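Examining the three-dimensional arrangement
In case you want the letters, here they are:
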Amino acid sequence: MLQKNRLGRVQEKMWKLGFHQMLVTDPMAIYWLCGKMIVPGERFLGLLIRTQENTPGQKDVPESTQNDAPMTAPAVLIVNELFRFEEELGMPKVYYSDTDDVTAVIKPLLDPSKRLGVDKTMAARFLISLMEAGAAAGYVNGSLSVDETRAVKDNAEQEKLRIASRVNDAAMEQFKGLIHAGVTELEVADQMLAIYKSLGASGHSFDPIVAFGDHAADPHHMPDHTPLQEGDTVLFDVGCIVNDYCSDMTRTFYFRKEPDEETRTIYNLVRKANESAEEMLRPGIEIASVDRCARDIITEGGYGPYFTHRLGHFIGLQDHEYGDVSLANHSLEQAGIVHSIEPGIYKPGTAGVRIEDLVLITPDGHEVLNHSPHDLIVLG
């Protein structure tokens, strides 16, 4: 069913950005707005959103209904006949067949006197055809109207993200039990999905990273046939999907032997960077300052060149959504944003350490969604 509050927030953002009609083609964004997941393949799928030029806010935007005329409704779903469905979505649907000219289907729905917002996933073959047909007065990348709205999670989304992280915490405890001498990275990774499903998850939110020994110094190492040996680092970067929402967490352990002095120093620096960055989180602070906090700690500890990525990414229905925690992001934290905090140090031949949590920005501060401890733990 069409999520009227979410639609209204997008319409308000469109109005502020100065365009009053938009085609959303990202299937995940359409699902977020109307609760219907369609994977169209090469066929066109679009949600046309309209707002009124003289409407400065969502409260004045008329609601869309199933019986509204497609020419005037605030929201219209354009979908191929192959995906026809009877489910009521609270807005009109316009179907077309494989033999129809898609441009001829879309063009009459648009106001040629107004600019058209398109999202960043719209295929060029559809956009260029609309441009050549003079379907709108101009074209603008309207992705921010959806992306920035999706970044601020509503209460229902926040609770789903909490639940997904609780499942990830429980799974991490079981993953530690998979570790024994001689087991390979792939053997461990291949057992993770069954554990997730036993805890109520529907699947991985991304392919799990299992890294032994020096592989932990590769931030995105993919599991291979490397066997575990005494003294190895064991790094898990894992996440699952629960009720459509993703989790993501990284923990670094050691097998049967305390790490050497430099590795322990690196671990403690990463932990301090993680916890210091999390502690400062609250609405109104510049997101870049959070990355700077963690990066300065690692740099002052002498390992700045080995922290080679941004501090975090936004998350929700997808593991990586629009928005990041980096020195380039000068926007402000807002209540409802959920992102990772994941500092790391990757020094090949010496050590690789990453500690990652998901954090929700709350009206008066923050809530760390993961509760798996940050302590240096020796397994086995």
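Structure first, text after, so check above.
Just so you know, these numbers come straight off a predicted model, no measurement behind them.

Description of the packing of helix α6 (residues 155–176) against helix α7 (residues 185–198)
- The interhelical angle for the contact between α6 and α7, taken along N-to-C directions, is 135 degrees, at an axis separation of 10 Å. Accordingly, the angle class assigned to the pair α6 and α7 is oblique. As α6 runs across α7, the sense of the crossing is right-handed. Packed against α6, whose contacting residues are V167, N168, A171, Q174 and F175, the element α7 presents M192, I195 and Y196 at the interface.

Here we look at unusual backbone geometry
- The backbone of N243 shows a phi angle near 50 degrees, a positive value even though the residue is not glycine.
- Structurally, N243 can be placed in the loop between β10 (240–242) and β11 (245–246).
- The partly exposed category is assigned to N243, whose relative accessible area is 47%.

With respect to the environment of R9
- Here R9 is to be found in helix α1 (residues 4–17).
- Along the primary structure R9 and F255 are separated by 246 residues, whereas in three dimensions their C-alpha atoms are 49 Å apart.

A short note on the environment of A69
- If you trace the backbone, A69 turns up in the loop between β2 (46–50) and β3 (75–80).
- Separated by 24 residues in the primary sequence, A69 and K93 place their C-alpha atoms 9.5 Å from one another.

As for the sheet that holds strand β9 (residues 233–238)
- The strand order β8-β9-β12-β20 describes an open sheet built from four strands, whose pairing is mixed. The open sheet has two edge strands, β8 (209–212) and β20 (378–379), and neither has a second partner.
- Of the strand pairs in this sheet, β9 and strand β12 (residues 249–255) are connected by six bridges, and their pairing is antiparallel. The partner of F236 across the bridge, within β12, is R251.

Considering a nonpolar patch on the surface
- Taken together, the side chains of L17, L144 and Y322 define a hydrophobic patch exposed on the protein surface, amounting to about 250 Å² of accessible area.
- Among the secondary structure elements, L144 is positioned in helix α5 (residues 143–151).

What counts as what
Residues numbered from 1 in each chain as written. Predicted model: local features only at pLDDT ≥ 70, side-chain atom pairs only at ≥ 80, totals over all residues. Heavy atoms only, no water. Axes fitted to C-alpha atoms, helices over the stretch in contact; angles between N-to-C directions. Helix = DSSP H or I, 4+ residues; strand = E, 2+ residues; numbered from the N terminus. Parallel < 35°, antiparallel > 145°, perpendicular 65-115°, else oblique. Left-handed = near helix turned anticlockwise from the far one by under 90°. Contact = heavy atoms within 4.5 Å. Buried < 20%, exposed > 50% of the residue type's maximum accessible area, 1.4 Å probe, protein only. Pairing = 2+ DSSP bridges. Patch = residues over 30% accessible without salt bridge, like charges linked within 9 Å, V, L, I, M, F, W, Y side chains within 5 Å. Areas by Shrake-Rupley, 256 points an atom, 1.4 Å probe, with all protein chains shown as cover. Salt bridge = Lys/Arg side-chain N within 4 Å of Asp/Glu carboxyl O.

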